[in-house]
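Analysis of the macromolecular model
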Amino acid sequence: MTWTMTVNGPYDMVRERVQLIKRLDVGVEIYFHNGIDEIGERDVKELGKVLRGEGIVCTVHAPFMDLSPGGLDRGVRAVTKDKLKRAVTFANLLGSLGVVCHPGYDKWRFGEYVDVWLKGSIETWDEVLDTAGDGLPVMLENIFEEEPDTLYELLRHYDGRNLYFCFDSGHFNLFTKVSLDKWLSMLGNKIREMHLHDNYGKRDDHMPIGRGTFPFRELKAYLKAHRESLILTAEVHDEADAVEAVKNLKEFVA
């Protein structure tokens, strides 16, 4: 089991927080925003050296704003593929444990076109996985999905390849229409990372575990059975919450 945190952690702020990360005894999930094209490989390699020198493991969160891996527009997909492939290239330079990506499905845009979304998604993830290589897990995070079916179909297509699932508790709490048990029963064997944070089901607050209404007790049994194979990320956005978030996460899985 690996602990990481995301505390307003875009790429260009990580160096400033190395001592905080060390003090909390965790790794870090590095977010590359949509300006990833402006970041040079040399700088990424240097950051990787800093993290390794301090004994800090990392994961990567790929860009997502305006991107659509399964979009109907080929031009949009082309831009999306370029940024995602750059993210996995950077992840390999950093020695990252994996890359989290947004799959881009929501029923309001694709509800009647799931097959079209799936076909476009497969074209995108084929290229991204080829760029990532066999040693780098790529993990798709639930965002607006109300149920796991579309993710299940996409991940099933890639059985035997390095495409997995990142379960996000906050997004589940906001958007799901089905039980946690259904998510875990359908996708549990594909989970490689969890973003664990809380909210009240109204907005994506990214609060520490225990402050909101996500049913963390229902997650206990799954974590107990799979903890050694998971990357657990305390994904809070307010740096003032970092200490509480990591403390609550570690106590939750103890």
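Please refer to the structure placed before this passage.
1. What about the environment of Gly98?
Along the chain, the position of Gly98 falls in the loop between α3 (74-94) and β4 (99-101). Owing to a relative accessible area of 0%, Gly98 belongs among the buried residues under this scheme. Each C-alpha atom of the pair Gly98 and Arg192 lies 8.8 Å from the other, and the pair is 94 residues apart in sequence. Excluding residues within four positions of it along the chain, Gly98 makes contact with Thr59, Val60, Leu136, Pro137 and Met139.

2. Things to note about the pairing of strand β5 (residues 138-141)
Both faces of β5 are covered, namely the face carrying Val138 and Leu140 and the face carrying Met139 and Glu141. Of the strand pairs in this sheet, β4 and β5 are connected by 3 bridges, and their pairing is parallel. In the sheet register, Val99 faces β5, and the bridge partner there is Val138. A crossover links β5 with its parallel partner strand β6 (residues 163-168), the connecting element being helix α6 (residues 149-157), and its sense is right-handed.

3. A short note on the packing of α3 against helix α5 (residues 114-132)
Close contact between α3 and α5 brings their axes to 9 Å; oriented N to C, the two are set at 25 degrees. Considered as vectors, α3 and α5 are oriented roughly parallel to each other. Relative to α5, the crossing made by α3 is right-handed. In this structure, α3 contributes Arg74, Arg77, Lys81, Leu84, Lys85, Val88, Thr89 and Asn92 to the contact, and α5 contributes Gly120, Glu123, Thr124, Trp125, Glu127, Val128, Thr131 and Ala132.

4. Re the pattern of salt bridges
As enumerated under the stated definition, the model contains 21 salt bridges in all. A salt bridge links Lys81 to Glu123, with the shortest nitrogen-to-oxygen separation between them at 3.0 Å. Residue Lys81 is located in helix α3, and its partner Glu123 is located in helix α5; the two are separated by 42 residues in the primary sequence. When its relative accessible area of 28% is taken as the criterion, Glu123 is described as partly exposed. Among the salt bridges present, the one from Asp241 reaches Arg211, with a minimum N-O distance of 2.9 Å. On the criterion of sequence distance, the pair formed by Asp241 in the loop between β8 (231-236) and α10 (242-252) and Arg211 in the loop between β7 (191-196) and α9 (216-226) is long-range, its members being 30 residues apart. Relative accessible area serves as the criterion here: at 11%, Asp241 is assigned to the buried category. Judged by its relative accessible area of 30%, Arg211 falls in the partly exposed class. Residues participating in the shared-partner salt-bridge network are Arg74, Arg77, Lys81, Lys85, Glu123 and Glu127.

5. Thoughts on the pairing of strand β2 (residues 27-31)
With 5 of 5 residues buried, β2 lies mostly within the body of the structure. Residues Gly27, Glu29 and Tyr31 line one face of β2 and the alternating positions Val28 and Ile30 line the opposite face, and both faces are buried. Bridge count for β2 against strand β3 (residues 58-61) is 4 bridges, and the pairing is parallel. Bridge pairing in β3 places Glu29 opposite Thr59. Between β2 and its parallel partner β3, the chain crosses via helix α2 (residues 41-53), and the hand of that crossover is right-handed.

Analysis parameters
Residues numbered from 1 in each chain as written. Predicted model: local features only at pLDDT ≥ 70, side-chain atom pairs only at ≥ 80, totals over all residues. Heavy atoms only, no water. Helix = DSSP H or I, 4+ residues; strand = E, 2+ residues; numbered from the N terminus. Buried < 20%, exposed > 50% of the residue type's maximum accessible area, 1.4 Å probe, protein only. Contact = heavy atoms within 4.5 Å. Pairing = 2+ DSSP bridges. Right-handed = clockwise from strand over helix to strand, strands pointing away. Axes fitted to C-alpha atoms, helices over the stretch in contact; angles between N-to-C directions. Parallel < 35°, antiparallel > 145°, perpendicular 65-115°, else oblique. Left-handed = near helix turned anticlockwise from the far one by under 90°. Salt bridge = Lys/Arg side-chain N within 4 Å of Asp/Glu carboxyl O.

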